[in-house]
Amino acid sequence: MQGNVTNFGDKGVLVVASGSMSQKNAANDYLIEHNLTNQFNTYDIIVIEEVNSDEDLKLYDVITFVDKDGKLVIHRIIKIETDENGNVTYITRGDSNNTNDAPSTIANIKGKYTNKRIQYIGAIVLFFQSTLGIVTLVILAICFNTESFSQ
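Residues numbered from 1 in each chain as written. Predicted model: local features only at pLDDT ≥ 70, side-chain atom pairs only at ≥ 80, totals over all residues. Heavy atoms only, no water.

Enquirer: Just checking my understanding: could you explain the pattern of salt bridges for this structure?
Expert: Between side chains of opposite charge, a pair can form when the charged atoms approach closely. Throughout the structure, instances matching the rule amount to 8 salt bridges. In this structure, the salt-bridge partner of Glu 49 is Lys 112, at a minimum N-O distance of 3.7 Å. With Glu 49 in strand 3 (residues 45–49) and Lys 112 in strand 7 (residues 109–118), the pair connects residues that are 63 residues apart, well separated along the chain. The class of Glu 49 is partly exposed, set by a relative accessible area of 26%. (Salt bridge = Lys/Arg side-chain N within 4 Å of Asp/Glu carboxyl O. Helix = DSSP H or I, 4+ residues; strand = E, 2+ residues; numbered from the N terminus. Buried < 20%, exposed > 50% of the residue type's maximum accessible area, 1.4 Å probe, protein only.)

Enquirer: What should I look at first to understand the sheet that holds strand 5 (residues 72–82) in this one?
Expert: As a general point, the strands of a sheet are linked pairwise by backbone hydrogen bonds and lie either parallel or antiparallel. Read from one edge to the other, the open sheet built from 7 strands follows the order 1-2-3-7-4-5-6, with strand pairing classed as antiparallel. A single partner strand is all that each edge strand has here, and the edge strands are strand 1 (6–8) and strand 6 (88–93). Neighbour-to-neighbour, the strand axes of the sheet open up by a mean angle of 45 degrees, direction not taken into account. When strand 5 meets strand 6, the two strands line up antiparallel, connected through 6 bridges. Along strand 6, the bridge assignment pairs Lys 79 with Ile 91. (Pairing = 2+ DSSP bridges. Axes fitted to C-alpha atoms, helices over the stretch in contact; angles between N-to-C directions.)

If you want it as structure tokens, here you go:
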């Protein structure tokens, strides 16, 4: 789930891998001004919903998008720009950050945060997706299987 969205219909879940949305940076006065309190922490699992058009998004929505390096990013829309041809770009920034991301378009946006999250469970999910986690699962399976044969 880390770095990927696991979809269930028009909703998806993912594990938050950084703290860029965990607190309000004083440089981001719009967070206080608009009472934006939907921050989340590293290892939370968040729910996003699919977006199909620019009309599905508005200023200060938190979106999940693929950046220019191919990484999945979860940041807040802080500015929406439309060029003379009607092409819309979104300027985003993590609530904990003081610099903007490169502009995004609807083509690289995976979803919008629904303000639903499960705190801290993502650490367990990430562990069981790691090599050590997989080895742990295999060892546990062998132990339980061996125990059932010895009785």
